[in-house]
Amino acid sequence: DIKKLLFNILSSQTYQLPSVGVKEPEMLMAKDFVFRGMIRKRLSAEQFADAVSAALTPLYGDSMIVSKVLPTSVKSNIPFTRASLVVNNPFLTALGRPGRETVTTSRSSQANLIQALELTNGNTFNQGIKRAAEIWRREYSDPAKLITVLYRRSLGRLPSGDEQSIAMNALGANPTTDDIQDLMWAMMIHPEFQLIY
């Protein structure tokens, strides 16, 4: 009985434990390791690129797909080019995507300097956010509406009163594309967006 099994799993105390962080990944393999909840981890390179594409605007165009091997019926059901179908590039590599010729069984979810530099100065990410800011500026003339939609699409919730106030101060009454781009960048870098809790 699948429904009963799912109910038992989802209603168990173990499943409902809050997520936890670990200082070093090696601790998970220690003999004295005690499960205290799901281990918090970062989105993989492909997951992060797809999340940005879904929340803001696609990072990759159809022309960037590795090869045209997907049937037409499947292509029409994909709302944007998924990062897993794109040739490896500096953005995905910096975020930890291994080369296709390398067999990898695990990836590090620890942030590093290369990732920080790519998210701050990288072309793919920042040009994608700039395109999104230009589109959103035309689509949302009301800054309060833009903030609400941005929070819903990126974090899946409404902004708190403090968050709304900070975002409104950042945007101002008549936000420029740069103002919107800066807010979008801050949301994509937010731990609540980047981490799997």
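To be clear, the structure that these remarks concern was listed above.
What you see is a predicted model; the values in this text were computed from it and never measured.

Caption draft 1: Structural context of the overall build of the protein chain. Helix and strand counts for the protein chain stand at 10 helices and two strands. When its helices and strands are written in sequence order, the protein chain yields α-β-α-α-α-α-α-α-α-α-α-β. Across its three principal directions, the C-alpha atoms of the protein chain cover 55 × 45 × 40 Å. Residues counted as buried form 30% of the 197 residues belonging to the protein chain. Long-range contacts, defined as pairs at least 24 residues apart, comprise 59% of the intrachain contacts of the protein chain with a sequence gap of at least 6. Of the roughly 12,600 Å² of accessible surface on the protein chain, 57% is carried by carbon and sulfur atoms. In the protein chain, the 22 positive side-chain charges and the 18 negative ones have mean positions that sit 7 Å from each other.

Caption draft 2: Focus on a nonpolar patch on the surface. A cluster of nonpolar side chains, namely I2, L5, L6, I9, L10 and Y15, defines an oily patch on the protein surface of about 600 Å² accessible area. Along the polypeptide, L10 turns up in helix α1 (residues 2-10).

Caption draft 3: Quick peek at the side chain of E163. Along the chain, E163 falls in helix α8 (residues 161-171). Of the polar contacts made by the side chain of E163, one reaches the backbone nitrogen of S160; its length is 2.8 Å. Leave out the neighbours within four places in its chain, and E163 touches Y151, R157 and L158.

Caption draft 4: Representation of the environment of I9 within the structure. Looking at the element boundaries, I9 is found in helix α1. When the C-alpha positions of I9 and G61 are compared, they lie 40 Å apart, and in sequence the two are 52 residues distant.

Caption draft 5: The side chain of T57, seen in detail. With respect to the helices and strands, T57 occurs in the loop between α2 (45-55) and α3 (72-75). Not counting residues within four places of it along the chain, the set of residues in contact with T57 comprises V52, G128, R131, A132 and I135.

Definitions and limits used
- Residues numbered from 1 in each chain as written.
- Predicted model: local features only at pLDDT ≥ 70, side-chain atom pairs only at ≥ 80, totals over all residues.
- Heavy atoms only, no water.
- Helix = DSSP H or I, 4+ residues; strand = E, 2+ residues; numbered from the N terminus.
- Buried < 20%, exposed > 50% of the residue type's maximum accessible area, 1.4 Å probe, protein only.
- Contact = heavy atoms within 4.5 Å.
- Areas by Shrake-Rupley, 256 points an atom, 1.4 Å probe, with all protein chains shown as cover.
- Lys, Arg positive; Asp, Glu negative; His and termini not counted.
- Charge placed at Lys NZ, Arg CZ, Asp CG, Glu CD.
- Patch = residues over 30% accessible without salt bridge, like charges linked within 9 Å, V, L, I, M, F, W, Y side chains within 5 Å.
- Salt bridge = Lys/Arg side-chain N within 4 Å of Asp/Glu carboxyl O.
- Polar contact = N/O pair within 3.5 Å; in protein donor to acceptor, adjacent residues only side chain to side chain.

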